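Here is what each chain is made of, one letter per residue.
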Amino acid sequence: MGTKNNVTEFVLFGLFQSREMQLVCFVVFSLFHVLTVLGNLLVVITINASKTLNAPMYFFLSHLSFADMCYPSATTPKMIADTFMERKTISFNGCMTQLFSAHFFGGTEIFLLTAMAYDRYVAICRPLHYTAIMDRWKCGLLAGASWVGGFLHSILQTLLTVQLPFCGPNEIDNFFCDVHPLLKLACADTYVVGLIVVANSGMISLVSFIILIISYVVILLNLRSQSSEGRRKALSTCGSHIVTVLLVLLPPMFMYIRPSTTLAADKLVILFNIVMPPLLNPLIYTLRNNEVKNAMRKLFRVEGSMGEK
């Protein structure tokens, strides 16, 4: 047990060693993070303040936007602050907290996308039973199950890592604490732990991806019996969901469906996964959705009239 206390902090290499590139990273990712938080916060406020956005799809979207606001916040602020640091360090407890938070919100995001796909499947393939199947209680149950699933996924990942002995090198070639670089530093045989990580993170991503693709194929096949207007609206909604699924699930599939090894491309792949889907999701779900855009306009008009008074 004593070997676990030999490492009290980890040294992060970050994205780039060049001072000029670190300055670019500070400007770009600070802007991206502010836009991500504001964009997703706007979606959450709009859906909860609007009396018209009460469909299950918007209920799940508000949960997804909240998860998208928290997911990059687990790692990006630390990465931005580290651009000013000559030596980028993170405490052992801070490292484990970062690992837990990133996988909690990332896992929850995947489960919420699965719940949203089920909602679209019922709406398009079983429209006459939609209100009975997707009532408020079942929507709450699906959303709650998504958060619980994210927690169970993350707590397993964290418990597997925190019990490993770290007694030697403490340098992580990444911008945050992730499971593969930590397994590489452990002074113990991590083969079994690595397999569990593949089963936990990798299979969740792969199985969710297969389920989501099959569900959208079934939805698209059922659209043949819809009217042209119904097809257009359904394709617009499903198209947004499919783009989000690809953005969210392809990077973790690349990262975790393989043995516990680190590749040169890992940093850029996980950076894309942490930054881009949460940044783009508010645009993907609102730009082509007139109901959300109209609700936002009403919200701003109400705020403007209250300001004038």
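From a predicted model like this one, the values you see are computed outputs, not experimental measurements. (Residues numbered from 1 in each chain as written. Predicted model: local features only at pLDDT ≥ 70, side-chain atom pairs only at ≥ 80, totals over all residues. Heavy atoms only, no water.)

## Points about the pattern of salt bridges
Applying the stated criterion to the full structure yields 4 salt bridges. As a salt-bridge pair, Asp82 and Lys78 come within 3.2 Å of each other at their nearest N and O atoms. Note that Asp82 and Lys78 are positioned in helix α3 (residues 76-82) at a spacing of 4 residues, about one turn of the helix. For Asp82, a relative accessible area of 5% puts it in the buried group. In this structure, Arg120 and Asp119 form a salt bridge, with 3.0 Å as the shortest nitrogen-oxygen distance. Accessibility classification places Arg120 together with Asp119 in one group, the buried group. (Salt bridge = Lys/Arg side-chain N within 4 Å of Asp/Glu carboxyl O. Helix = DSSP H or I, 4+ residues; strand = E, 2+ residues; numbered from the N terminus. Buried < 20%, exposed > 50% of the residue type's maximum accessible area, 1.4 Å probe, protein only.)

## Focus: the UniProt feature "transmembrane region" (unreviewed entry) in the protein
In the numbering used here, UniProt assigns the "transmembrane region" (unreviewed entry) feature to residues 23-47, 99-118, 139-156, 191-223, 235-257 and 269-287. With 100% helix and 0% strand, residues 139-156 has end C-alpha atoms that lie 26 Å from one another. Structurally, residues 269-287 is divided into 95% helix and 0% strand, and its ends, taken at the C-alpha atoms, are 26 Å apart. (UniProt positions renumbered as here; feature names shortened; annotations may be inferred.)

## Re a nonpolar patch on the surface
On the surface, Phe16, Met21, Leu23, Val24, Val27 and Val28 cluster together into a nonpolar patch covering about 480 Å² of accessible area. The topology assignment puts Leu23 in helix α1 (residues 19-49). (Patch = residues over 30% accessible without salt bridge, like charges linked within 9 Å, V, L, I, M, F, W, Y side chains within 5 Å. Areas by Shrake-Rupley, 256 points an atom, 1.4 Å probe, with all protein chains shown as cover.)

## A look at the state of the cysteines
Formally, a disulfide is one covalent bond, and it connects the sulfur atom of one cysteine to the sulfur atom of another. For the structure shown, the criterion picks out 2 disulfides. For Cys95, the disulfide goes to Cys177, at an S-S distance of 2.1 Å. One quick way to see it: the torsion about the S-S bond of Cys95 and Cys177 is about -120°, and its sign makes the bridge left-handed. Here the residue Cys95 occupies a position in helix α4 (residues 92-125), and Cys177 occupies one in the loop between β3 (171-172) and α7 (179-185), the gap between them amounting to 82 residues. A relative accessible area of 0% means that Cys95 is categorised as buried. Note on cysteine connectivity: Cys167 is disulfide-linked to Cys187, with sulfurs 1.9 Å apart. Taken together, the positions of Cys167 in the loop between α6 (136-162) and β3 and Cys187 in the loop between α7 and α8 (191-222) put the pair 20 residues apart, joining distant regions of the chain. You can call Cys167 partly exposed: its relative accessible area is 32%. Sequential numbering of the bridged cysteines in the protein gives the disulfide pattern 1-3, 2-4. (Disulfide = S-S within 2.5 Å.)

## Re α1
With 31 residues, α1 extends 44 Å from end C-alpha to end C-alpha; this agrees with the ideal 45 Å at 1.5 Å per step. Among all positions in α1, only Gln22, Cys25, Phe29, Ser30, His33, Thr36, Gly39, Asn40, Val43, Val44, Thr46 and Ile47 are buried. (Expected span 1.5 Å × (residues − 1).)

## Structural notes on the packing of aromatic side chains
Applying the stated rule across the entire model yields 14 aromatic pairs. Centre to centre, the rings of Phe92 and Phe166 are 6.0 Å apart; their planes meet at 65°, and the pair counts as edge-to-face. A residue pair is termed long-range when its members are at least 10 positions apart, and Phe92 in helix α4 and Phe166 in the loop between α6 and β3 qualify at 74 residues. On the basis of relative accessibility, which here comes to 14%, the residue Phe92 falls in the buried class. Judged by relative accessible area, which is 0%, Phe166 ranks as buried. A ring pair is formed by Phe175 and Phe176, whose centres lie 5.1 Å apart and whose planes are at 45°; its orientation type is tilted. The rings of Phe66, Phe100, Phe104, Phe105, Trp147 and Phe151 are connected pair by pair, giving a single aromatic cluster. (Phe/Tyr/Trp six-rings, centres within 6.5 Å; stacked < 30°, edge-to-face > 60°.)

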